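Commentary on secondary and tertiary structure
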Amino acid sequence: MNLSMMLTIFAILVVLTNVLVNVIKGVATVQQPKRVVLAVAIVLALIVAVGMGLYLQFAVWYQWAGAALAALVGGSLVAYVAMYGYDQGYDDIVALVQKLIGYINGGGGSHE
């Protein structure tokens, strides 16, 4: 699986999350919509992870555990982008990566 395929799946998950959350909001009264977005995004990401695991024929438990962990992280990112938009999500992720790179390169505060 290449990067363009993963980004396409990510974008499709964001769109599906937005659509399903709007349908849920239309059918039921939602007190905390951010929790609904997070739950829908993680469930969709888990479905994709199970599908990929079946497609790639995962045979060992740690492959499934890794897929589940990746689905939780990916689902959280999908929820964040679904709530705040692509531009805000991209800017925040780039800022976080730059902070991590700065921390790794020795700019992470004093260790005295």
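You'll find the structure just up there.
The paragraphs below set out a description of the structure included in this document. (Residues numbered from 1 in each chain as written. Predicted model: local features only at pLDDT ≥ 70, side-chain atom pairs only at ≥ 80, totals over all residues. Heavy atoms only, no water.)

A few words on the packing of helix α1 (residues 3-27) against helix α3 (residues 61-84). Where α1 meets α3, the closest approach of the two axes is 9 Å, and the angle between their N-to-C directions is 60°. The angle between α1 and α3 places the two elements in the oblique class. For the crossing formed where α1 meets α3, the hand is right-handed. Where α1 abuts α3, its residues Phe10, Leu13, Val14, Thr17 and Asn18 lie against Gly74, Leu77, Val78, Val81 and Ala82. (Axes fitted to C-alpha atoms, helices over the stretch in contact; angles between N-to-C directions. Helix = DSSP H or I, 4+ residues; strand = E, 2+ residues; numbered from the N terminus. Parallel < 35°, antiparallel > 145°, perpendicular 65-115°, else oblique. Left-handed = near helix turned anticlockwise from the far one by under 90°. Contact = heavy atoms within 4.5 Å.)

Further remarks concern the nonpolar core. Core analysis: the largest hydrophobic core is formed by 12 residues, namely Leu13, Val14, Val21, Val36, Val37, Val40, Ala41, Leu44, Val78, Ala79, Val81 and Ala82. For this core, the secondary structure elements donating two or more residues are α1, α2 (33-56) and α3. Apart from residues no more than four positions distant in its own chain, Val40 is found in contact with Thr17, Leu20, Val21 and Ile24. (Core = buried A, V, L, I, M, F, W, Y, C linked by side-chain atoms within 4.5 Å. Buried < 20%, exposed > 50% of the residue type's maximum accessible area, 1.4 Å probe, protein only.)

Time to look at the packing of aromatic side chains. The tally for this structure, following the rule as stated, stands at three aromatic pairs. When the centroid spacing of 4.8 Å and the interplanar angle of 55° are considered together, the rings of Tyr80 and Tyr84 count as tilted. Residue Tyr80 and its partner Tyr84 are located together in helix α3, separated by four residues, close to a single helical turn. For Tyr84, a relative accessible area of 39% translates into the label partly exposed. (Phe/Tyr/Trp six-rings, centres within 6.5 Å; stacked < 30°, edge-to-face > 60°.)

All right, on to α2 then. One turn of the α-helix equals 3.6 residues, which is why residues spaced by three or four share an orientation. For α2, with 24 residues, the first-to-last C-alpha span of 34 Å sits near the 34 Å given by 1.5 Å per residue. Burial in α2 covers these residues: Val36, Val37, Val40, Ala41, Ile42, Leu44, Ala45, Ala49 and Gly53. Along its buried surface, α2 packs onto α1 and α3. Phi for Gln57, located one or two positions after α2, is positive at around 55°. (Expected span 1.5 Å × (residues − 1).)

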